[in-house]
Structures are given as C-alpha cells and as structure tokens.
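# Results of the structural survey
Below are the chains, spelled out letter by letter.
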Amino acid sequence: MEQMRYEAPDTVDAAVALLVGAGGETRILAGGTDLLVQLRAEWIEPDLILDVKKIPELTEISKENGGFRIGAAVTGAELGEHLGVKKAWPGVVEAVELIGSVQIQSRATMGGNLCNASPAADSVPALIAAGATAAIAGPNGRREIPVEDVGTGPGRTCLAKGEIVTSIFLPSRPAHSGDAYLRFIPRTEMDIAVVGAGVSLTLDGGGKCSAARVALGAVAERALLVDAAARALIGTPVDDAALDNLAKAASAAARPIDDKRGTKEYRIKVSGVLARRAAQAALERARQS
Amino acid sequence: MSTAEKLENGKFKWVGTRPVRPDGVDKVTGRARFGADLFLPGMLVGRVLRSPHAHARIKSIDTSKAEALPGVKAVVTRDDFKEMPSESVAAGEMMIDYRDMTRNIMAREKVLYDGHAVAAVAAASASVARKALKLIKVEYEVLPHVIGVIEAMEPGAPVLHEAMFTEGVEPTPDTPSNIAARNELGRGDVEAGFKKADIILERTFDTAPVHQGYIENHACVASVSEDGKAELWCSTQGHYMVRAFCAKLLGMDISDLRVTASEIGGGFGGKTIVYLEPVALVLSQKAHHPVKMVMTREEVFRATGPTSGANVWVKLGATKDGKITAAEAVLKYQAGAFPGSPVGPGCMCAFAPYDIENVKVVGYDVVSNRPKVAAYRAPGAPISEYAVECVVDELAEKLGLDPIELRLKNAAKEGTQAAYGPKFGPIGFVETLEAAKSHPHYNAPLGPNQGRGVASGFWFNIGGESCATININEDGTAQLMVGTPDIGGSRASMAMMAAEELGIDLDKVNPVIGDTGSLGFSFLTGGSRVTFATGKAVIVAAGNVITDLRERAAKIWDIPVDAVEWEDGFARPTSSNAGEFDPLSLADIAAMAAKTGGPIAGHAQINAQGAAPGFGTHIVDVEVDKETGRVTVLRYTVIQDAGKAIHPSYVEGQYQGGAAQGIGWALNEEYVYGEDGRMQNTGFLDYRMPVASDLPMIDTQIIEVPNPNHPYGVRGVGETPLVPAMGAVACAVEHALGTRLNELPMSPPRVLKAIGAIGEAQA
Ligand SMILES: Cc1cc2nc3c(=O)[nH]c(=O)nc-3n(C[C@H](O)[C@H](O)[C@H](O)COP(=O)(O)OP(=O)(O)OC[C@H]3O[C@@H](n4cnc5c(N)ncnc54)[C@H](O)[C@@H]3O)c2cc1C
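Thresholds, definitions, all that
- Residues numbered from 1 in each chain as written.
- Chains lettered and ligands numbered in written order.
- Predicted model: local features only at pLDDT ≥ 70, side-chain atom pairs only at ≥ 80, totals over all residues.
- Heavy atoms only, no water.
- Helix = DSSP H or I, 4+ residues; strand = E, 2+ residues; numbered from the N terminus.
- Rg over C-alpha atoms; globule rule 2.2 N^0.38 Å.
- Buried < 20%, exposed > 50% of the residue type's maximum accessible area, 1.4 Å probe, protein only.
- Contact = heavy atoms within 4.5 Å.
- Areas by Shrake-Rupley, 256 points an atom, 1.4 Å probe, with all protein chains shown as cover.
- Lys, Arg positive; Asp, Glu negative; His and termini not counted.
- Charge placed at Lys NZ, Arg CZ, Asp CG, Glu CD.
- Near = heavy atom within 4 Å.
- Polar contact = N/O pair within 3.5 Å; in protein donor to acceptor, adjacent residues only side chain to side chain.
- Nonpolar A, V, L, I, M, F, W, Y, C, P; charged D, E, K, R; others polar.
- Buried area = accessible area lost by both parts, 1.4 Å probe.
- Salt bridge = Lys/Arg side-chain N within 4 Å of Asp/Glu carboxyl O.
- Pairing = 2+ DSSP bridges.
- Axes fitted to C-alpha atoms, helices over the stretch in contact; angles between N-to-C directions.
- Parallel < 35°, antiparallel > 145°, perpendicular 65-115°, else oblique.
- Left-handed = near helix turned anticlockwise from the far one by under 90°.
- Arc of directions from axis to C-beta.
- Phe/Tyr/Trp six-rings, centres within 6.5 Å; stacked < 30°, edge-to-face > 60°.
- Lys NZ or Arg CZ within 6 Å of the ring centre and 35° of its normal.
- Domains from an automatic or database assignment.
- Core = buried A, V, L, I, M, F, W, Y, C linked by side-chain atoms within 4.5 Å.

### Considerations on the overall build of chain A
Each helix and strand counted, chain A has 11 helices and 14 strands in total. Expected size for 289 residues packed as a compact globule is a radius of gyration near 19 Å; at 19 Å, chain A falls within 12% of this value. Overall, chain A is about 65 × 45 × 35 Å in size when its C-alpha atoms are taken along their principal axes. Within chain A, the proportion of its 289 residues that are buried is 53%. Taking the contacts inside chain A whose residues are at least 6 apart along the sequence as the reference set, 60% of them involve residues at least 24 apart. As displayed, chain A offers around 12000 Å² of accessible surface, 52% of which is attributable to carbon and sulfur atoms. The centroid of the 32 positive side-chain charges in chain A is displaced by 4 Å from the centroid of its 35 negative side-chain charges.

Encoded structure:
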C-alpha cells in the first residue's frame with residue numbers, strides 16, 4: 001500500500017528541490033486549515049506533503065523600504081499581534097483576523113489563504129486593495145508579482161511546479177491613508193464570504209482622495225481589482241455622490257453566479273453596499289491617520 | 001412528609017434545585033464515551049458506498065474486485081438483507097414500515113436519493129475500505145427525479161414507488177403517485193364559521209426541510225459471535241428500539257442481541273431509527289470480526305434526518321373583536337424517499353392552542369427524492385404552527401389588536417375540546433400569555449429597523465413504557481438504573497427524584513443507563529417523555545425500595561410492617577404504641593441486609609399514562625439590515641409551562657436549545673440541491689445553523705401548572721420550545737420590514753427580495 005510522504009525542510013532551496021524532485025501529486029502545507037479539510041473530505045490524495053512552517057524566511061515579519069514583508073507561513077494570530085502592520089494596514093489585518101475562529105487563527109496563514117485560491121478568501125481583496133505583492137521562489141529563481149495575479153480561478157494559481165510563495169509585501173503608505181475590509185456572511189462567524197470588499201485610499205491635504213484601490217471577493221472566479229470603483233473616488237472628497245458611484249461601479253463589476261451561498265443578483269447588490277461601507281470605514285481611518 | 005405535602009408547601013429537598021449533573025465531569029474532560037469511542041480487539045472499519053444519483057434503478061452490483069482487495073473482510077449489498085413484508089411500527093413519534101426500513105438502510109430495486117446506501121465494506125483499515133468502495137461497480141439506469149413537495153405532487157412527476165396509490169381518498173386512485181396518503185381532521189362546520197367572520201385571511205407558506213443537526217454523527221460498533229449472539233454499541237435515543245429493529249431486519253431472537261447506548265451527542269429525534277446498525281451487524285457476521293461504522297457529516301446530511309419541508313395553506317376567520325370563528329388548513333409535507341412524514345401530528349397541532357368551534361385540516365404525505373425524514377423535536381408541529389401563528393399575528397394587526405390579547409381571547413384552557421380529539425386537563429397556555437404580556441421584554445422600546453414578534457406553540461408530550469431499578473448497596477448508597485438514554489440531563493433528574501423519595505443525599509445516588517441485557521423494555525428517549533415516564537418509574541421503584549426497607553426494619557424491631565413508616569430517609573415506628581425504637585437510616589438497614597433477607601432493591605416496569613401537553617410563548621426582537629437583508633436577533637424570551645421543573649437549569653436548557661434551533665430554521669437553514677438532484681451543502685459551512693455568536697442570551701421563564709398525573713406535576717419540556725420559534729422570528733422580521741415573507745428560511749436574499757431591493761432571483 002502506498003504511503004503519503006511528509007517533509008518539513010528548513011530552507012526555501014530544499015523545499016523547492018523536494019517539490020521539483022517529487023513525482024505524483026504534491027501539496028504545500030502551511031497551517032493546513034484548508035489542506036487538512038480537503039484531505040479528510042478525500043478531495044485530494046497527495047503523495048507528498050511539504051510543510052513550510054520550519055523555514056525561518058516564511059515565518060518572519062520584517063520591515064522593508066518603509067513597508068512590511070510578511071512570511072507566507074505567518075499565522076493570523078501572529079499578524080494580529082504585530083502592532084506595526086496593524087497600524088499601517090488595519091484593513092489587511094482585520095481581513096486576516098476574520099478567517100475562522102481562535103483555533104483556526106493560530107494555524108491559518110495569508111500564504112495559505114492566497115494559494116488556496118478560493119474566490120471567497122477573506123484576506124485577498126484586502127491585499128489587492130493594499131497593492132500587496134507576493135514573492136515567489138522556484139526552480140528558476142525568485143520573482144515578485146501583484147497578489148491579484150496569483151489566483152487564476154477556483155483552486156487554481158499561477159504557480160508553476162516547484163514554486164512556493166515565500167512572503168507577501170505590504171508597501172509603505174503615505175500620510176492620510178486608510179484601508180478597510182468587510183465581508184458579508186449570513187452568520188456572525190464560521191462562515192464563508194458571500195461578498196467581500198476591500199478598499200484602500202489616500203487623502204491629499206485638502207481632504208480629497210488622491211489614490212484608491214477597490215477589490216471585491218466572492219463575486220467572480222477570483223478576487224477582482226475594480227479600477228472603475230477606484231476612479232469613482234479619486235479626485236472627490238469621498239462624499240455621498242462619490243460613494244454612490246463607487247457602489248454602482250462595484251455592482252457593475254461583480255459577475256457572480258447563483259450558488260448555495262447566495263443568488264447572483266443578491267451578490268451584485270451587496271457588492272455595492274459593502275464597497276460603500278468599506279470605503280466609508282477606510283475614509284474614517286485615512287482622516288485619523 | 002408526603003409528596004403531596006411537599007408539593008403543597010414547596011418543601012422539596014432536591015426537586016427544583018440545580019445540582020451539577022452526574023455526567024458533567026466526564027463530558028467536559030473528554031472521558032465520556034460516545035458512539036465512535038469504543039475499540040474492540042480485531043475491530044474492522046466499515047464504510048458505506050452511497051448513490052451519486054437522486055433516482056436510479058440498480059441494474060447490477062459487482063463486488064468481486066472489492067472482495068479480492070487484500071484487507072477487505074466483507075462486502076454487503078441488498079442481497080445480504082432479506083425482503084421484509086410491509087409492517088408499520090412506532091418509532092418514537094413517527095411510524096416506520098419494515099419494508100421501507102430495509103430499503104432505506106440498503107437500496108434494493110432503486111436508489112431514491114443522493115446518498116442512499118448501495119453497498120458496504122468491512123476492511124482492516126479506513127484506507128483499504130475507501131479503496132474497496134471505489135472497486136464496487138454499480139450499474140445504474142438513471143431516472144428523472146423530483147425534489148420539491150409541490151413538484152412531486154404534480155401529475156406527470158417522476159414516481160418513486162410504482163405501487164404507491166394514495167391512501168385516504170375515495171376511491172383509491174388507479175395510478176400511482178408520490179402522494180402516499182391524505183388525512184383529514186376537524187370539528188364543527190367551517191363554512192358556517194367563516195360566514196360568521198368579519199375578517200378572513202388566507203395565506204400560503206413554504207418551509208424548508210431542516211436537519212436535526214446533532215453534533216455527534218451516527219456511529220456504532222457491532223460484534224456478532226459465531227453462536228449467533230450479538231452485541232451492539234451505538235449512539236441512539238433508544239437502544240431497545242435499535243434492538244427491535246435490528247432483530248427484525250436480521251431475523252434474530254431479541255434475546256440474542258444486546259444493545260448498549262453510548263453517551264449521545266444530540267439526537268433531537270434524529271436518532272430514533274437505524275441506519276448503520278443493521279449494516280454493521282451483517283458486516284460483522286460475514287467478517288467474523290467486530291465492525292465499527294462512523295458516518296461523516298456529509299453522510300449525515302445526505303442520508304439521515306431531516307424533518308419535512310412543506311407547503312401550508314391556512315385560512316382563519318374572526319369577528320371584529322378577535323374571536324376566531326373558523327380555521328382551515330391544508331398541509332403538504334415532504335416525507336423524503338419513503339412515506340411517513342409527520343403530517344399527522346402537524347394536522348393535529350395546527351390549531352391546538354386555540355379554542356375554535358369550526359376546524360378543518362387536511363394533510364398530504366408526499367414522497368420525493370430526498371432522504372427519508374426522521375423525527376425532529378415535536379415532529380410536524382413547528383411547521384403547521386408556524387404558518388398558523390403568522391396568520392394569527394396578521395389577524396391581530398388587521399384588527400388593531402395586541403397579538404397576545406388576540407391569543408388570550410382564543411386560548412385553549414382546561415376543559416377546552418381540542419380539534420384533534422381530547423378535552424384538555426389543566427394546562428398553562430393562558431399563564432404563558434399573561435407572563436409574556438407583563439414581561440419587561442414585551443414592553444421594552446424598539447429602535448429603527450427593529451421588530452418584535454410573539455408566537456405560541458403546543459405539543460402533546462407522551463408517556464409510555466419505562467423500567468427503573470434501584471439497588472441499595474451495602475454502604476447505603478443507591479445504584480439507579482434506567483433504560484432511556486440521557487440526552488438532556490435526565491440522569492440528574494432521575495437521581496434527584498430517587499433521592500427525594502428515599503430521603504437520602506443526592507450524592508448517594510448513582511444513576512446509570514442500563515443496556516438491553518440489564519433492564520426490561522424501555523421505550524426511547526423522545527416525545528418529551530423521560531422525566532415524566534421514566535421519572536414515574538423511578539418514583540415507583542423508590543416506593544418499592546421503601547416498602548422493602550420498612551419490611552427490614554419491621555423484622556429488626558420485630559413489629560408488624562404496618563407499624564413502620566419511612567420519613568426523610570429513616571424508618572420509624574408509626575407511634576409509640578408500636579414500641580420505642582431509635583430510627584434506622586437507610587445505611588443502617590443496608591448494613592444489616594444480609595441478616596434480614598439479602599440485598600435490597602426496588603424495580604418498576606410501567607406504562608406511564610397521563611402525559612400532559614406543553615404550551616409556550618416566545619418573544620423575540622430582531623434588527624434587519626435593509627441593505628443586505630441580514631437579520632440579527634437582539635433579544636429572546638421563552639416562557640413555557642413545565643408542570644414542575646425537577647432541575648430548572650436543564651428545563652431552561654431545553655427552552656434555550658429549542659429557541660436556538662428555531663432561529664436557525666427561521667433564518668438560514670436549508671438544503672440546496674443542484675439540477676442533478678444532489679445536495680450541495682453537505683456540511684455546516686454551507687448548511688447554516690446558528691453559531692453561538694449569532695444568538696443573544698436566551699432568557700427563560702418557567703411556568704408551573706402541575707400535571708395531575710405525575711407525583712411532582714412534571715410535563716414534558718423537550719419539544720415545545722422549538723414550536724413557537726419560527727413564528728415568533730418571522731413576525732419580528734415582518735414587523736421590522738413592514739412586509740410579510742411567508743417563507744422559510746428568511747435568508748438575506750429572500751429578505752431583500754421581499755422589500756423589493758432586488759428582483760426575482762435569476763436561475
Ligand atoms: C473552520 C474554518 C473556518 C474558516 N474560515 C475562513 C474565513 O472566514 N475566511 C477565509 O478566507 N478562509 C477561512 N477558512 C479557510 C482557511 O482557514 C484559510 O484559507 C487559511 O488562510 C488557509 O491557510 P493555511 O495556512 O491553513 O493553508 P493550508 O491549508 O496549509 O494551505 C492552503 C492551500 O494553499 C497552498 N499553500 C499554502 N501555503 C503555500 C505557500 N507558501 N506557497 C504555495 N502554496 C501554498 C496549500 O498547498 C493548499 O493548497 C476557514 C477554514 C476553516 C477550517
């Protein structure tokens with residue numbers, strides 16, 4: 001009877017080598033809060049499970065160019081306790097902290113949330129709105145790409161065989177910036193986003209929006225960066241008219257399906273509602289920073 | 001002091017107090033052993049192969065490859081179960097038919113729902129079992145399927161059972177259909193009643209099937225010996241019922257099968273029938289090893305429970321001042337793949353809270369390609385009473401009356417002739433309404449987008465057969481054994497009643513649940529019967545212990561037994577005429593048992609009669625987010641008549657649990673089926689039961705109108721708490737919105753649709 005192999009290398013190079021050398025199906029294990037569920041449900045039967053939590057580079061948070069580099073295997077609980085990241089990117093941290101319960105938080109990682117490539121993943125719209133990038137290591141060396149390019153469809157990523165996401169980089173931010181993430185779930189906890197909306201914006205000295213990014217989750221095959229929604233804010237004082245336009249643009253960009261989690265037209269409607277509410281929260285934070 | 005005196009002046013020592021439950025420590029430390037926690041030497045893993053089709057004829061099943069796989073010890077299919085003639089028996093509050101039961105545990109001619117069992121294997125490990133399932137080749141002829149109740153009733157709908165001709169209609173139809181039966185009840189003349197009405201409302205409601213949602217999945221371990229004797233360990237609400245069903249399906253003598261009920265992690269009615277147990281027994285028989293079977297949550301959703309989804313039409317007529325003159329309803333209940341929905345009790349309960357002269361209720365039992373429904377707290381009642389309560393609320397609104405006042409005007413009281421038959425004895429419905437009216441909750445202010453709902457509910461409660469044994473140990477402690485699994489803290493209540501009767505300390509009574517080899521037949525834990533019926537058995541058994549103790553004291557003192565009385569744990573001479581003796585404690589007498597005739601015990605085997613119905617009234621406040629359709633439950637109060645609360649905390653726990661389940665039913669729980677007839681939300685992630693943070697603290701108020709047929713006045717409390725919840729939440733949501741949905745669940749998309757924020761859902 002064939003056995004499932006488990007490896008826990010302590011360097012990125014060793015990890016890449018193991019992945020490249022392995023035959024059959026391989027899976028990277030971070031917190032395992034998606035992977036173990038999939039294993040138990042018998043959706044996947046990997047031959048090799050490669051645990052990346054023993055690689056120091058993947059478990060550290062460091063400052064870089066005024067921003068933060070967060071190891072792909074840093075847990076939600078650790079991130080939530082990092083005052084620096086929390087102060088600079090409260091919307092990203094609140095998105096990560098929405099994932100699961102206390103138990104899940106002490107295992108779940110941003111790397112896993114991103115690479116699991118669920119269209120409903122909570123941290124991803126917040127990361128996209130933040131303009132985050134993902135660092136990737138693989139047999140052909142290292143590369144860094146915008147987070148929105150990682151997921152390509154449900155359960156699918158742009159990662160090639162042997163590639164690992166090593167970290168996520170959150171850039172430095174100008175004064176008077178704020179971000180926020182909101183998701184809609186019918187319950188209060190332990191649910192999966194029916195719609196998610198992340199907004200990041202910066203105000204100029206006069207209180208006008210000088211930069212903005214808006215992202216939606218759970219309304220397409222992957223999280224969407226919605227430029228039209230951002231444009232609805234830029235150059236405005238983020239007043240009701242601008243917020244209405246933002247909501248319209250968000251609803252227009254949403255292209256959900258009817259499924260067990262919500263109807264198509266419901267998700268379209270709520271995309272606008274949540275984008276508006278997230279923009280208001282981001283605005284409040286920008287004014288206070 | 002006699003029980004009557006104690007009741008009179010409320011001087012109970014244990015009854016009505018809140019001691020820690022005897023099973024508590026083991027449960028919080030993880031020592032308690034549930035269905036999956038038994039490990040036997042040589043035990044195999046049993047797994048079930050389930051149908052991927054909603055409806056298909058099984059053309060052939062080839063198990064040869066699976067049997068040849070190393071590590072596979074047995075494979076079973078329909079060929080391993082004998083055909084059963086049609087024979088209906090009571091399974092708790094529902095009826096089952098052995099012909100259907102054998103087909104439900106293992107499909108025969110056809111698979112009738114996604115998840116229907118078609119084969120099972122026993123193997124040395126879970127991974128071998130999994131591989132073996134993949135090697136079983138089943139050839140299906142896929143048939144058109146039907147899921148919804150209205151669709152299933154339509155002429156031309158795919159027919160599940162070619163030999164099903166609607167019962168209860170004259171003449172019997174000559175073509176088969178999915179309508180298993182029609183039933184009707186009523187009194188008076190509804191036509192005449194509606195003529196007297198100043199206002200008539202007619203409304204139609206849809207409810208979704210909901211799962212009982214017990215935390216512990218079905219699990220069992222079976223061990224069949226070569227001499228034909230068998231042992232079974234399982235998570236069940238009634239091990240005597242499991243024994244009867246399995247013995248019947250396997251053709252065994254009842255005495256050859258010993259069933260032990262494990263600790264049970266919830267049942268709510270869903271563990272009153274068998275799924276895995278007969279399969280595990282047959283696998284064990286074939287494999288010559290013990291076999292453990294444990295369902296996954298996905299299997300639980302696809303193949304067990306739930307209660308019916310339904311379509312309910314209600315018509316109410318009333319005079320201007322709010323007196324209901326006539327009531328009519330038509331209930332169409334899903335039964336799942338085999339007949340036997342709880343539409344009967346649904347009909348009986350629909351208008352039971354009200355004193356109405358003219359009533360007519362018609363029910364349809366309808367099969368469709370979904371798992372066979374199982375009992376769920378007050379089976380059938382929550383559905384019909386939800387619909388009726390919503391119309392009662394609308395009636396109050398239209399008449400400009402307070403909804404509690406309207407209910408008080410029509411409330412059933414002692415002596416009211418219920419439409420379903422009997423005259424009520426003492427009942428506490430009016431008391432719950434009065435308590436609700438004067439409750440601070442009912443009069444608290446509401447904010448914007450908030451609404452308050454009130455609804456009431458009724459359930460019969462049952463009695464039935466129960467055994468109890470009390471063995472007095474050598475040191476004067478008492479071993480109490482009953483045969484009804486403890487789902488809701490009943491061991492605590494049983495021990496309290498025994499301690500109260502015997503006059504000894506509660507910590508001297510150790511209550512356990514006996515297996516079927518240790519105690520006579522006890523009907524299952526269901527119908528809110530245990531504290532009433534098994535409690536009565538415990539009291540009778542304690543009385544027999546006391547008789548024995550008095551006889552022993554009489555022997556020790558050498559006086560006639562009539563001259564000895566038992567009071568507060570001591571034998572005393574009835575008067576000084578009988579002689580001067582120091583009182584003897586139970587421990588004193590126990591210590592001398594050997595010299596006075598041997599061990600001391602009391603047994604009882606009774607069929608408890610006189611269960612009294614339960615009535616409750618719920619008040620709930622909600623807030624609705626009109627942009628997202630999300631409903632937040634802000635405040636909830638349950639008021640219910642318990643007769644007498646033996647352990648008030650566990651009564652309150654029942655009230656709170658019922659409300660919590662009702663909130664889930666009202667707001668988010670539903671089965672989602674794909675076009676292919678397969679269930680899509682087979683886990684708690686997408687089958688949205690409420691989590692703790694979704695609920696406010698649920699306040700409770702216990703009303704005590706004693707049941708004259710129980711020594712302490714107990715009436716069942718386990719089921720009624722679910723009944724009013726959906727109506728109360730629906731009315732609250734509707735008051736917050738200013739529009740009525742008449743459909744469950746009131747999920748966010750439905751709420752937005754109801755207020756016109758979005759249009760019709762696109763398919
Ligand atoms: C009870 C519960 C509640 C949950 N609630 C939420 C929620 O509210 N919101 C939400 O978005 N999610 C939720 N999830 C899903 C899950 O917790 C998150 O997606 C989490 O972030 C996954 O992280 P992980 O470290 O556990 O990933 P893992 O399970 O370890 O991995 C997930 C996937 O990503 C791949 N992967 C992991 N790390 C890397 C890497 N460095 N490079 C390349 N590939 C990698 C894995 O191979 C796997 O395919 C929940 C899960 C559970 C069990």
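### Re the site of the ligand
All names here are of chain A. Taken together, 29 residues form the shell around the ligand, and within it Ile28, Thr33, Asp34, Thr109 and Asp122 come nearest. At 2.7 Å, a backbone N or O of leucine 35 approaches an oxygen atom of the ligand. Between the ligand and the protein, one listed contact pairs a nitrogen atom with a backbone N or O atom of valine 165 at 2.8 Å. Burial of the ligand by the protein chains amounts to 89% of its free accessible area of 980 Å². Those elements giving two or more residues to the shell around the ligand turn out to be β2 (26-29), α2 (35-40), α7 (110-115) and β10 (164-170). Broken down by class, the residue content of the shell around the ligand amounts to 16 nonpolar, eight polar and five charged.

### Some remarks on the side chain of His647(B)
All names here are of chain B. Secondary-structure assignment places histidine 647 in the loop between β27 (631-641) and α19 (648-667). Judged by relative accessible area, which is 2%, histidine 647 ranks as buried. A polar atom in the side chain of histidine 647 sits 2.7 Å from the backbone oxygen of proline 19. If near-sequence neighbours (up to four positions away) are discounted, histidine 647 is found in contact with Thr17, Arg18, Pro19, Ala492, Ser493 and Met496.

### Focus: the interface of chain B and chain A
Each side of the interface is counted separately: chain B has 35 residues, and chain A has 25 residues. Taking both sides of the interface into account, the surface hidden between chain B and chain A amounts to around 2600 Å²; carbon and sulfur atoms contribute 50%. At the boundary of chain B and chain A, one finds eight salt bridges. Between Arg277(A) and Asp625(B) there is a salt bridge, with the nearest N and O atoms lying 2.7 Å from each other. For the side of chain B that touches chain A, the elements supplying multiple residues, two or more each, are α5 (126-135) and α21 (748-754) of chain B.

### Examining the side chain of Ser368(B)
Residue and element names in this part refer to chain B. Note on placement: serine 368 falls in the loop between β17 (359-367) and α12 (381-399). Reaching out from serine 368, the side chain makes a polar contact with the backbone oxygen of isoleucine 147 at a distance of 3.0 Å. Discounting residues that sit within four places of it in the chain, serine 368 has contacts with Leu112, Val146, Ile147, Ala152, Leu160, Gln334, Gly336 and Ala337.

### Regarding the sheet that holds strand β10 (residues 199-207) of chain B
Picture the strands of a sheet paired through backbone hydrogen bonds; they go either parallel or antiparallel. All names here are of chain B. Reading across the sheet, the five strands line up as β9-β17-β16-β15-β10 and stay open at both edges, with mixed pairing between neighbours. Pairing within the sheet leaves two strands with one partner each, and these edge strands are β9 (179-187) and β10. Neighbour-to-neighbour, the strand axes of this sheet turn through a mean angle of 10 degrees, independent of strand direction. The pairing of strand β15 (residues 310-318) with strand β16 (residues 324-336) spans nine bridges and is antiparallel. By the bridge assignment, tryptophan 313 is partnered in β16 with valine 330. Where α12 meets the sheet, it contacts β10, β15 and β16, and its direction lies at approximately 145 degrees from that of β10.

### Considering the packing of helix α8 (residues 239-250) of chain B against helix α9 (residues 277-287) of chain B
Residue and element names in this part refer to chain B. Packing of α8 against α9 leaves a shortest axis separation of 9 Å and a crossing angle of 50 degrees. Put simply, α8 runs oblique to α9. Here the hand of the crossing between α8 and α9 comes out right-handed. Residues Val242, Cys246, Leu249 and Leu250 of α8 lie in contact with α9, whose contacting residues are Glu277, Pro278, Leu281, Val282 and Gln285. In the contact of α8 with α9, the residues fall into seven nonpolar, one polar and one charged.

### What about α5(B)?
Residues and elements named next belong to chain B. Listed in full, the buried residues belonging to α5 are Val128, Ala129, Ala132 and Leu133. Axial view of α5: buried residues confined to an arc of 140 degrees, hence all on one face. Its buried side turned inward, α5 meets β1 (44-50), α3 (64-68), β3 (72-76) and β7 (117-123).

### What to know about the packing of aromatic side chains
Tallied over the entire structure, the rule returns 22 aromatic pairs over all chains. A ring pair is formed by Phe12(B) and Tyr712(B), whose centres lie 5.4 Å apart and whose planes are at 75 degrees; its orientation type is edge-to-face. Here the residue Phe12(B) occupies a position in the loop between α1 (3-9) and α2 (24-29), and Tyr712(B) occupies one in the loop between β28 (698-703) and α20 (725-737), the gap between them amounting to 700 residues. Ring plane angle 65 degrees and centroid distance 4.8 Å describe the contact between Trp459(B) and Phe460(B), whose orientation is recorded as edge-to-face. This pair shows no difference in class: Trp459(B) is buried, exactly as Phe460(B) is. Ring-pair connections join several aromatic residues into one group, and the members of that group are Tyr354(B), Tyr420(B), Phe424(B), Phe429(B), Phe458(B), Trp459(B), Phe460(B) and Phe615(B). The ring of Trp89(A) has Arg173(A) sitting right over it, with the charged end atom 3.7 Å from the ring centre. Between the NZ or CZ atom of Lys315(B) and the centre of the ring of Phe194(B), over which it lies, the distance is 4.2 Å.

### Section: the domain arrangement of chain B
Residue and element names in this part refer to chain B. Taken domain by domain, chain B holds domain 1 (3-32 + 464-507 + 521-600), domain 2 (35-144 + 216-299) and domain 3 (426-461 + 612-763). Centre-to-centre separation of domain 1 and domain 3, based on C-alpha positions: 38 Å. Contact residues are listed per partner, giving 26 residues for domain 1 and 21 residues for domain 3. Across the interface of domain 1 and domain 3, roughly 1800 Å² is buried in total on both sides, 61% from carbon and sulfur atoms. Linking domain 1 with domain 3 are one salt bridge.

### What about the nonpolar core?
Residues and elements named next belong to chain B. Among the nonpolar cores identified, the biggest contains 104 residues, and Phe351, Tyr636, Val733 and Met746 are the most heavily contacted of them. At 11 residues, α12 tops the list of elements feeding residues into this core. Ignoring sequence-local partners within four residues, the contact set of phenylalanine 351 consists of Val314, Leu316, Ala327, Glu328, Ala329, Ile356, Val359, Val361 and Val388.

### Quick word on helix α4 (residues 98-105) of chain B
Think of an α-helix as 3.6 residues a turn; residues three or four steps apart then line up on the same face. All names here are of chain B. Summarising burial for α4: seven of the eight residues are buried, a large majority. What α4 keeps buried is the set Tyr98, Asp100, Met101, Thr102, Arg103, Asn104 and Ile105. Those residues of α4 hidden inside the fold are in contact with β4 (88-91), β5 (94-97), β7, α8 and α9. The opening residue of α4 is aspartate 97, an N-cap whose side-chain oxygen sits 2.9 Å from the backbone nitrogen of arginine 99.

### Looking at unusual backbone geometry
The step from Glu170(B) to Pro171(B) runs through a cis peptide bond, and the omega angle for that step is -10 degrees. Secondary-structure assignment places Pro171(B) in the loop between α6 (149-153) and β9. Gly305(B) connects to Pro306(B) through a cis peptide bond whose omega is -20 degrees. Residue placement: Pro306(B) occurs in the loop between α10 (297-303) and β15. Residue Val238(A) is not a glycine yet carries a positive backbone phi of 55 degrees. Position of Val238(A) relative to the elements: it lies in the loop between α9 (227-233) and α10 (240-253). Of note, Asn449(B) is a non-glycine position whose phi angle comes to about 60 degrees, a positive value. Examined against the element boundaries, Asn449(B) turns out to sit in the loop between α15 (440-443) and β18 (450-459). Under the relative-accessibility criterion, Asn449(B) is labelled partly exposed at 35%.

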